[in-house]
Amino acid sequence: EESGFNRIELFLSFAENPFGFDTDTINDYENSSVAAFGQGTWHFNDQLSFTGGVRWSSDDKEDIITATATKFGFDLVPATSVDDTWDSVTWRVGAQYNFTEQAMGYVTYATGFKVGGFNGRPFSTAEALRDYDPEEVGTVEVGVKTDLFDKRLRLNVAGYYSDYSDIQVTVNVPDPLTGQPLNIVENAAAADIYGMELEALLLLGDYWQMNLGLNYIDAEYSKLDAFTNVTLDDDLPQTPDWRFNVGMEFSYPMLMPLIGEGRFTARADYYYTDDFYHNAQNSAFNHEPSYDLLHLRAAIGPANGQWSFAAYARNVLDQEYFSYREDLLLFTMATGVVAPPREAGVEFSFNW
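Calculation notes
- All residue numbers here refer to positions counted from 1 along the written sequence of the relevant chain.
- Where totals are concerned, whole chains, interfaces and linings use all residues; where local detail is concerned, this predicted model gives features only for residues with pLDDT of at least 70, and gives and counts side-chain atom pairs only at 80 or more.
- The basis for the side-chain values is all heavy atoms of the structure; hydrogens and waters are excluded.
- Strands here are runs of E lasting at least two residues and helices are runs of H or I lasting at least four, both read from the DSSP assignment and numbered beginning at the N terminus.
- Accessible area is worked out with a 1.4 Å probe on protein chains only. A residue is then buried under 20% of its type maximum, exposed over 50%, and partly exposed in between.
- Contacts are assigned to residue pairs that have any heavy atoms within 4.5 Å of one another.
- Counted as positive: Lys and Arg. Counted as negative: Asp and Glu. His and the chain ends are not counted at all.
- In this description, the location of a charge corresponds to atom NZ of lysine, CZ of arginine, CG of aspartate or CD of glutamate.
- The aromatic pairing rule takes the rings of Phe, Tyr and Trp, using the six-membered ring of Trp, and pairs them if the centres are within 6.5 Å, calling planes under 30 degrees apart stacked, those over 60 edge-to-face and the rest tilted.
- Grid spacing is 1 Å over the protein atoms alone, the probe is 1.4 Å, and a cavity is where that probe fits but cannot get out, while a pocket is an open set with protein on both sides within 12 Å along at least five of seven lines and lining residues have an atom within 4 Å of a point.
- Grid points are joined across faces, edges and corners, and a volume is the space filled by probe spheres set on the points.
- Here the term charged refers only to Asp, Glu, Lys and Arg, the term nonpolar to Ala, Val, Leu, Ile, Met, Phe, Trp, Tyr, Cys and Pro, and the term polar to all other amino acids, Gly among them.
- Among buried residues, those of type Ala, Val, Leu, Ile, Met, Phe, Trp, Tyr and Cys that are joined through side-chain atoms within 4.5 Å constitute a nonpolar core.
- For this analysis, a salt bridge means a side-chain nitrogen from Lys or Arg found within 4 Å of a carboxyl oxygen belonging to Asp or Glu.

Along the protein chain, the regular secondary structure elements total one helix and 20 strands. Along the longest, intermediate and shortest principal axes, the C-alpha atoms of the protein chain span 75 × 55 × 40 Å. Evaluated residue by residue, the protein chain yields a buried proportion of 32% over its 352 residues. Intrachain contacts of the protein chain at a sequence separation of at least 6 include 59% that bridge at least 24 residues. Across the protein chain, the 20 positively charged side chains and the 54 negatively charged ones have centroids separated by 8 Å.

Put into structure tokens, the structure is as follows:
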């Protein structure tokens, strides 16, 4: 159960946009979610097993929405009550085969959903009353997990395909009463997503270990309803084609005064992210070029991990990038949140 009161004061009137609205929007909401689920595995023999599971979910949302044009002194949306309930049934089936004690393969099919909602920042009562349904996905995944060379190399590889339907996207539709355009969220898209993931952990001697991760995603819209703000050529938001990470760790046991058995650990982690768009409607103002990050950390503490003292450096390469961007050119502006620059420091942590 969840309840809350959210107030947004939005100032869209400035020198370059003198006729912009300044708005005050209030959402007084209550949400509840109930679910029941179960899963079981049948071992056909020592090598082959089958798994199945099902989940029923019921989500209820209630909201009282009020929006005022403060600059012009009138209500865009008088206090309007909206509520809806969405019931969803999702399920999963899979099979696992143990080739050896060090290697297994699997295939699964699973469904999922993202709950529906309301347009919480409306400019008209018609927008406030338009809700949207859950978006749904079905995913098939095939993979292999291995522990090789006397468990000194862990290598996992997987490929998957996801079929998204009823994706929640922003659309422009006419107000049924006034004919004026409304900017709302609706279930107006479908997409096909293909992907591959590889992860590895390699033990190098007694003190060194190396981890590696590689992700590839090919995501495209397969359908778009009329009036959407995106096209079939647009990339899905927050979806870089490639991501890569590699890390190296040195861990050395040592005797510490007054402590006894201790451990010194040093790590270096490198991350690469391909270019992508922050929003569904692609533009130069929400495009994020590719960037790479390097983090360093060294720590010392007792072997039981109860406490540690560490020195760290994040974004050592001092990469300039945004953690979020949004194209608001409809209001003659764009906005973004700049990611942290290079940072260095020390920290102490204690586990109770």
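To continue, consider unusual backbone geometry. With a phi angle near 55°, Gln-238 is a residue other than glycine that sits in the positive phi range. You can see Gln-238 is positioned in the loop between strand 11 (208–224) and strand 12 (242–256). Among the residues examined, Gln-238 registers a relative accessible area of 43% and is labelled partly exposed. Non-glycine residue Asn-315 carries a positive phi angle of around 50°. Looking at the element boundaries, Asn-315 is found in the loop between strand 17 (307–314) and strand 18 (322–328). Accessibility expressed as a relative area gives 3% for Asn-315, which makes it buried.

Turning our attention to the packing of aromatic side chains. Enumeration over the complete set of coordinates arrives at 16 aromatic pairs. Seen in terms of ring centroids, Tyr-97 and Phe-99 are 5.2 Å apart; in terms of plane orientation they differ by 70°. Their pairing is edge-to-face. Its relative accessible area of 33% is what places Tyr-97 among the partly exposed residues. Relative accessible area serves as the criterion here: at 48%, Phe-99 is assigned to the partly exposed category. When the ring of Trp-208 is compared with that of Phe-250, the centres are 4.9 Å apart and the planes differ by 50°; the resulting orientation is tilted. With Trp-208 in strand 11 and Phe-250 in strand 12, this pair connects stretches of sequence that are 42 residues apart. For Phe-250, a relative accessible area of 22% corresponds to the partly exposed category.

A few words now on the layout of surface pockets. Approximately 250 Å³ is the volume attributed to the second largest pocket. Considering the residues around the second largest pocket, the lining is formed by Asn-6, Asn-27, Tyr-29, Asn-31, Lys-61, Glu-62, Asp-63, Gly-117, Phe-118, Gly-120 and Tyr-132. Residue assignment for the lining of the second largest pocket shows that the elements contributing at least two residues are strand 2 (22–43), strand 3 (48–69) and strand 6 (117–118). Its residues placed into classes, the lining of the second largest pocket shows three nonpolar, five polar and three charged.

Turning next to the nonpolar core. In terms of nonpolar packing, the biggest core is built from 16 residues, with Val-169, Val-171, Ile-193 and Leu-236 touching the most fellow members. At the level of elements, strand 9 (153–174), strand 10 (181–204) and strand 11 are the ones that each hand at least two residues to this core. If we ignore the near neighbours within four places in the chain, the residues touching Val-169 are Ile-184, Val-185, Glu-186, Ala-188, Ala-189 and Thr-228. If you look at the next biggest cluster of nonpolar residues, it comprises nine residues, including Ala-69, Val-77, Trp-86 and Phe-118.

It is worth spelling out the pattern of salt bridges at this point. Summed over the entire model, instances satisfying the criterion amount to eight salt bridges. Between Glu-343 and Arg-314 there is a salt bridge, with the nearest N and O atoms lying 3.4 Å from each other. You can see Glu-343 sitting in strand 20 (residues 343–350) and its partner Arg-314 sitting in strand 17, a full 29 residues away along the chain. For Glu-343, a relative accessible area of 32% puts it in the partly exposed group.

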